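# Structural features, examined
Each chain, letter by letter, is given below.
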Amino acid sequence: MALLEVNNLDVRFAMRGGEVRALRDVSFTLERGERLGIVGESGAGKSVAAFTILNLIAKPGYIAGGEIKFDGEVLNTLKPKAMQSIRGNRISMIFQDPMMTLNPVLTIGEQMIECLKAHRRISRKDARAIALHKLNQVFIPSPEKRLDQYPHELSGGMRQRIIIAIALLLDPDIIVADEPTTALDVTIQAEIMELLLLLCEKHNVGLILITHDLGVVSQVTQRTLVMYAGRVIEQGPTREIINDAQHPYTQGLINALPQMATPGSRLNQIRGSMPTLTKIPAGCAFNPRCDFAANICLEKVPAFAHSGNCKVACHMVDAMVAGERWTPIITDANGNGATPTDSHRTEVNA
Amino acid sequence: MIAFLIKRLMHAVLVMFVISIISFAIQDNLGDPLREMTGQAVSEAQREVMRDEMGLNDPFITQYLRFAGNALQGDLGNSYFYKQPATEVILKHLPATLELVMASSLIIILLSAPIGVFAAIRPRNWLSRLFMGTSIIGISVPVFLTAIVLIQLFAIGVTVDWFPSDTTWGSVLNGMLSTDGGMPSYGRGELVHVAGTWSSGFFTADGLWHLVLPAISLASIMLPLFIRLIRAEMMEVLQSDYIKFARAKGIGLKRIYFLHALKNTMLPVITVGGVQIGTMVAYTILTETVFQWPGMGLMFLEAITRSDIPLIVAYLMMVGVIFVITNTLVDLIYGLVNPTVKLAGKPA
Ligand SMILES: Nc1ncnc2c1ncn2[C@@H]1O[C@H](COP(=O)(O)OP(=O)(O)OP(=O)(O)O)[C@@H](O)[C@H]1O
Ligand code: SF4
Ligand SMILES: [Mg+2]
């Protein structure tokens, strides 16, 4: 059995204008020591997924269905106290913006020691020693001094190292890192990512890495999950996804990478943009932007089915794998070709 | 620390300079001191001679410098009414006002933090809604009205006979809505002499009892203001990433609310609070008048009706001093709570 098992997760936000369904039928697993990447456009539901794992979805959000199984326990039905003892202890989290993550009025030492004391019966002195040891592991210069400093006295890169040290304080089984380098200087991004990878490998810590950056995913993770409009649309070994994506959306993401563009010309962006969660088209949510959309795509949500080593949610994937060509794909009433337009969209939440 | 104090001192000098100019201008323009000092019998020519002797015909600057020089030595002239140095009169009335302000501040500090925090972490709870509703009333009703209502309810007492008193339910309801009254609403009660001009009501039951209604009245605007301020700040702080991170670390809610969140909430509250303490001194004028509280506020109002100019000036200067002192204290406290403010001398 996998260390972490997420099954058919359904997360909604009860808003005034009705429910927003942020996650639909999201399933994935993570083995001990495995590194999983989650990619997808802004608003796809990556952060919601991350917080849901720790059962930290705040009102008006709630888990409407599915389960999160960790080491044999179902986290989403756990008592608050029991859940609290898992957070930061067995599953810890790294946030996007290190400038906002640390409490500005507490010293670094205080913020590390309190975490240790929350999970272990330990003296302040011993806790301080462990904190110091962890700061050494993330290569913080003069760590002893840092313990008595406040966050504003440190640079962004330094702070993210400290946050990584906090995440590692209690030797967790899993670290959930939500875009851990996005807010950093480009020059420091690689450094931090390398550090995270190194530490996860060394201590056999599982990593769920949320990012926009397919390059990072290919360097760090073994498996990748692609999300679109609250659903997982493709998952499989990272190498296969990068080299041979099957879902048209994933293909689009990879084609949009700068290195895929002809020098001097524009990037190959996917046309259109992801729908807001309240205006998801019927059928496959990607159909208005998809070059391969067929009639069935406008009507039926594609099942998440195995395709080779991967799982893909696309009606056309078998045909594509078979190498067939099929244009025009969408036909109007007269059987003529057409491209999907707004008239094909129906509001699911209406 | 030294640098901070020097900066503060310069600030204080500037504030006092401005206040002294205003005070002097008032003194210069309101009334003619000769009229207060001489009778009808003195002729205009004699008055002119006296004016010259007293330097009242000197240029404005010369007169101001003389005034400032005297003020620096604590000499603000004699009160016309009390026939005593104005500074002495002020110092005699100062303790009553300070004790009233302290009692009110205590009420505000002790109640606003717990209520504000509770309303922030349980916004939908009926108790929170009740607090928020009442706080609106508290803010919008003027202090003197609150004071009068309190006096009516708890000093005089009200007898309600809306319901038939020959039935049990009627008399019970009447009894529930009626109040006994009997609380003191006049003056300071029994005092204990502490030192100098300071006689305190803090050390006798009667003195404390006399403080209750005036202190509540004076707090009636600031307390709801602070509750709302703390609630709003706290709610915002609770949305921040560092609170979410603390939860993701597995820290208990109690510690998150009362350490992580409250400490950040208090930063803006301290700043606003400092300014409000100054404002409260102004509100004492109303409260002291309604309760005949023998403090500076009541004295000031009387000085105005009596055109007792030296006393008016002395009051303004004293209020200036209080502002400067509270602001300095608030800055010091703020610097201690907020690590991003560097008070030199504090370990960085
Ligand atoms: N607190 C909230 N209240 C209401 N809706 C929310 C809330 N948080 C998230 N959502 C909904 O969930 C959707 C997904 O948000 P999420 O933050 O998971 O996106 P993301 O994939 O992490 O995007 P990004 O790359 O920008 O971080 C949002 O578009 C929004 O509609
Ligand atoms: S199901 Fe249809 S619309 Fe959706 S990605 Fe596949 S081909 Fe495109
Ligand atoms: Mg996000």
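Since we're looking at a predicted model, the values are computed, not measured. (Residues numbered from 1 in each chain as written. Chains lettered and ligands numbered in written order. Predicted model: local features only at pLDDT ≥ 70, side-chain atom pairs only at ≥ 80, totals over all residues. Heavy atoms only, no water.)

## Brief notes about the sheet that holds strand 2 (residues 18-30) of chain A
Residues and elements named next belong to chain A. Inclusion rule: Two strands form a pair only when DSSP identifies at least two bridges running between them. The numbering of helices and of strands both runs from the N terminus, where a helix is a DSSP run of H or I of at least 4 residues and a strand a run of E of at least 2.
Spatially, the 4 strands line up as an open sheet ordered 2-1-4-5, and their pairing is antiparallel. Strands at the two margins of the open sheet, each flanked by one partner only, are strand 2 and strand 5 (73-74). Here strand 4 (residues 61-70) pairs with strand 5 via 2 bridges, running antiparallel. Considered in strand 5, the bridge of Phe 70 is made with Glu 73.

## Comments concerning the interface of chain A and chain B
Condition: Should any heavy atoms of two residues lie within 4.5 Å, those residues are counted as being in contact. Note on terms: buried area is the combined drop in 1.4 Å-probe accessible area of two parts once they are placed together, counting the loss on both. Salt bridge, as applied in this entry: a Lys or Arg side-chain nitrogen positioned within 4 Å of an Asp or Glu carboxyl oxygen. Here a polar contact means two N or O atoms within 3.5 Å. Within protein one must be a hydrogen donor candidate and the other an acceptor candidate, and residues neighboring in sequence count only if both atoms are side-chain atoms. Residues are sorted three ways: Asp, Glu, Lys and Arg are charged, Ala, Val, Leu, Ile, Met, Phe, Trp, Tyr, Cys and Pro are nonpolar, and all the rest, Gly among them, are polar.
At the junction of the two partners, chain A supplies 28 residues and chain B supplies 20 residues. Carbon and sulfur atoms supply 61% of the area buried between chain A and chain B, which totals about 2200 Å² over both sides. The largest per-residue losses of area from chain A upon contact with chain B belong to Phe95(A), Val105(A) and Glu114(A), which jointly make up 25% of the total buried on that side. The tally of links from chain A across to chain B stands at 3 salt bridges. One can count 12 residue pairs in polar contact (both at pLDDT 80 or more) joining chain A with chain B. Elements with a contribution of two residues or more to the side of chain A that touches chain B: strand 6 (91-94), helix 3 (98-101), helix 4 (108-119) and helix 7 (156-168) of chain A. For the side of chain A that touches chain B, the element with the most residues is helix 4 of chain A, which contributes 6 residues. Among the residues making up the side of chain A that touches chain B, the classes are represented as 16 nonpolar, 7 polar and 5 charged.

## Re the UniProt feature "transmembrane region" (unreviewed entry) in chain B
Counted only if it meets this: UniProt positions are given in the numbering used here, feature names are shortened, and annotations may be inferred rather than shown by experiment.
Following the UniProt record, one finds the feature "transmembrane region" (unreviewed entry) at residues 9-27, 100-121, 133-156, 208-230, 265-286 and 312-337 of chain B. Counting secondary structure, residues 208-230 of chain B comes out at 100% helix and 0% strand; the distance between its end C-alpha atoms is 28 Å.

## Points about empty space enclosed by the protein
All names here are of chain A. Convention followed: Both site types are read off a 1 Å grid over the protein atoms alone. A 1.4 Å probe that fits but cannot get out defines a cavity, while an open set with protein on both sides within 12 Å along at least five of seven lines defines a pocket; lining residues have an atom within 4 Å of a point. Grid points are joined across faces, edges and corners, and a volume is the space filled by probe spheres set on the points.
Tallied over the entire structure, the rule returns 3 cavities of 30 Å³ or more. In this structure, the second largest cavity encloses a volume near 60 Å³. What lines the second largest cavity is simply Pro 248, Cys 284, Asn 287, Cys 290, Phe 292, Ala 293, Cys 297, Pro 302, Cys 314, His 315 and Met 316. Among the residues making up the lining of the second largest cavity, the classes are represented as 9 nonpolar, 2 polar and no charged.

## Focus: the site of ligand 2
All names here are of chain A. Heads up, the rule is: Consider each residue's heavy atoms; a residue with any of them within 4 Å of a molecule or strand counts as near. Placement in a cavity or pocket follows one criterion, namely that more than half of the molecule's atoms lie within 2 Å of its grid points.
Around ligand 2 sit 13 residues, and of these Cys 284, Cys 290, Cys 297, Cys 314 and His 315 come closest. Put simply, ligand 2 lies in the second largest cavity. Of the residues in the shell around ligand 2, the class split is 10 nonpolar, 3 polar and no charged.

## Structural notes on the pairing of strand 9 (residues 223-228) of chain A
Residues and elements named next belong to chain A. What counts here: Relative accessibility decides the category of a residue: with a 1.4 Å probe and only protein chains considered, values under 20% of the type maximum give buried, values over 50% give exposed, and everything between is partly exposed.
Most of strand 9 sits out of view: 6 of its 6 residues are buried. With burial as the criterion, each face of strand 9 is covered, one bearing Arg 223, Leu 225 and Met 227 and the other bearing Thr 224, Val 226 and Tyr 228. The pairing of strand 3 (residues 35-39) with strand 9 spans 4 bridges and is classified as parallel. Bridge pairing in strand 9 links Leu 36 to Arg 223.

## A short note on the UniProt feature "domain: ABC transmembrane type-1" (unreviewed entry) in chain B
Here the UniProt feature "domain: ABC transmembrane type-1" (unreviewed entry) sits at residues 94-334 of chain B. Between the first and last C-alpha atoms of residues 94-334 of chain B the distance is 27 Å; the span itself is 76% helix and 3% strand.

## Let's talk about the site of ligand 1
Residues and elements named next belong to chain A. For clarity, the cut-off: Surface accessibility in these figures is a Shrake-Rupley result with a 1.4 Å probe; residues are shielded only by whichever protein chains are displayed.
Surrounding ligand 1, one finds 15 residues, the nearest of these being Ser 42, Gly 43, Lys 46, Ser 47 and Val 48. The side chain of Lys 46 places a nitrogen or oxygen atom 2.8 Å from an oxygen atom of ligand 1. At 2.7 Å from an oxygen atom of ligand 1 is found a side-chain nitrogen or oxygen belonging to Ser 47. When ligand 1 sits alone it has 630 Å² of accessible area, and the protein chains cover 67% of it. Breaking the shell around ligand 1 down by element, the ones donating at least two residues are strand 1 (4-15), strand 2 and helix 1 (46-53).

## Digging into the packing of aromatic side chains
Residues and elements named next belong to chain B. Using the following cut-off: Centres within 6.5 Å are what make two rings of Phe, Tyr or Trp a pair, Trp counting through its six-membered ring; a difference in plane orientation under 30 degrees is then read as stacked, over 60 as edge-to-face, and the rest as tilted. The rule is short: NZ of Lys or CZ of Arg within 6 Å of the ring centre and within 35 degrees of the ring normal puts a charge over the ring.
One pass over the full model with this rule turns up 13 aromatic pairs over all chains. What links up through ring pairs into an aromatic cluster is the set Phe 17, Phe 24, Phe 60, Tyr 64 and Phe 67. Sitting above the plane of the Phe 81 ring, Arg 306 keeps its charged end 3.6 Å from the centroid.

## A few points about helix 11 (residues 248-255) of chain A
Buried residues dominate helix 11 of chain A, accounting for 6 of its 8 residues. Turning to helix 11 of chain A, its buried residues number three or more, namely Pro248(A), Tyr249(A), Thr250(A), Gly252(A), Leu253(A) and Ile254(A).

## Some words on the pattern of salt bridges
Where side chains of opposite charge bring their charged atoms close, a pairing between them can arise. Tallied over the full model, the rule gives 21 salt bridges over all chains. A salt bridge links Glu201(A) to Arg35(A), with the shortest nitrogen-to-oxygen separation between them at 3.6 Å. Remark: Arg35(A) occurs in strand 3 and Glu201(A) occurs in helix 8 (residues 186-203); sequence separation between them is 166 residues. For Arg35(A), a relative accessible area of 8% puts it in the buried group. Taken together, the salt bridges that share partners define one network made up of Glu110(A), Glu114(A), Arg124(A), Lys249(B) and Arg255(B).

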